[in-house]
Amino acid sequence: MAAVVRLRRRQAVDRLDELRAVRVLAKTMKQTELAKVLAISQPSINKALKAAAKVPEVREGFSGGSPYEIVQRFAAGQIDRDQLVDELGRWEYARTPATDGVDWLADEPVGTFEEVGRALDEGLIDEDTYTAILEARR
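Counting from 1, residues in each chain are numbered in the order their sequence is written. Per-residue local features are limited, in this predicted model, to residues with pLDDT of at least 70; the limit for side-chain atom pairs, both in listing and counting, is 80 or more; totals at the level of whole chains, interfaces and linings are taken over all residues. Side-chain measures were taken over the full set of non-hydrogen atoms in the model, leaving aside hydrogen atoms and water.

Trainee: Summarise helix α7 (residues 127-137); cite the residues concerned and give the values.
Mentor: Remark: exposure states derive from per-residue accessible area (1.4 Å probe, protein chains only) relative to the maximum for the residue type, with buried under 20%, exposed over 50%, and partly exposed in between. Here a helix means four or more residues in a row that DSSP labels H or I, a strand means two or more in a row labelled E, and each is numbered from the N terminus. Those residues of α7 not exposed but buried are T129, Y130, A132 and I133. Relative to the axis of α7, the buried residues are bounded by an arc of 160 degrees and lie together on one face. In α7, the exposed residues that point more than 90 degrees away from the buried face are E127, D128 and E135. Any two residues whose heavy atoms approach within 4.5 Å at even a single point are treated as in contact. Among the structural elements, α5 (81-90) and α6 (114-121) are those in contact with the buried residues of α7. For α7, the N-terminal cap is D126; the gap from its side-chain oxygen to the backbone nitrogen of D128 is 3.3 Å. For this quantity, the arc is that covered by the directions from the helix axis to the C-beta atoms. Any pair of N or O atoms that falls within 3.5 Å is considered a polar contact. Within protein, one atom must be able to donate a hydrogen and the other to accept it, and sequence-neighbouring residues count only if both atoms are side-chain atoms.

Trainee: Outline α6, supporting the account with residue identities and numerical values.
Mentor: Each α-helix winds once per 3.6 residues, and so residues spaced three or four apart point in a common direction. Of all the residues in α6, the buried ones are E115, V116, G117, A119 and L120. At its buried positions, α6 is contacted by α4 (67-75), α5 and α7. Looking one or two residues beyond α6, the residue adopting positive phi is G123, at roughly 80 degrees.

Trainee: Give me the packing of aromatic side chains: which residues, what numbers.
Mentor: Aromatic pairing here means that ring centres of Phe, Tyr or Trp (its six-membered ring) are within 6.5 Å. Orientation follows from the plane angle: under 30 degrees is stacked, over 60 is edge-to-face, and everything else is tilted. Counted by the stated rule, this structure contains three aromatic pairs. Between F62 and W91, the ring centres sit 5.1 Å apart and the planes meet at 75 degrees, which makes this aromatic pair edge-to-face. You can see F62 sitting in the loop between α3 (42-52) and α4 and its partner W91 sitting in the loop between α5 and α6, a full 29 residues away along the chain. With a relative accessible area of 4%, W91 lands in the buried category. Measuring from centroid to centroid gives 5.2 Å for Y93 and F113, while their planes differ by 75 degrees, and the two rings are edge-to-face. Of the two residues, Y93 is situated in the loop between α5 and α6 and F113 in the loop between α5 and α6; the sequence distance between them amounts to 20 residues. Its end group placed over the ring of W91, R59 keeps NZ or CZ at 3.7 Å from the ring centre. By the criterion adopted, a ring carries a charge over it if an Arg CZ or a Lys NZ lies within 6 Å of its centre and within 35 degrees of its normal. Directly above the aromatic system of F62 lies the positively charged group of R90, at a separation of 4.5 Å from the ring centroid.

Given below as structure tokens:
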């Protein structure tokens, strides 16, 4: 069971890497050429590029483009707990926007500490790891 869970988590980060790579290739290739090389349709490339536009670049010195992605890489077995805690302890988090009590449905910006809380809620990290990240931020 654990192996299957890790494989599914790896798929998520592999997809982010794929989208970033397609975005880079599209700067030097036509969509039709890229589709032929990847053996997919041109509309699929177009759709992938639209999705890729929403994927943040990996920050220098970090293993992901967002706190949530860093946690995903940990959950997929690509980084260890020490690296996770170090990176999320050093991350410069975006401010969580204040609400006026009405705009609670507004999209949250990428890079807030709420992403770490989401990872905890989804079981990607445990309470001890969450606490270690909080301590590293201090």
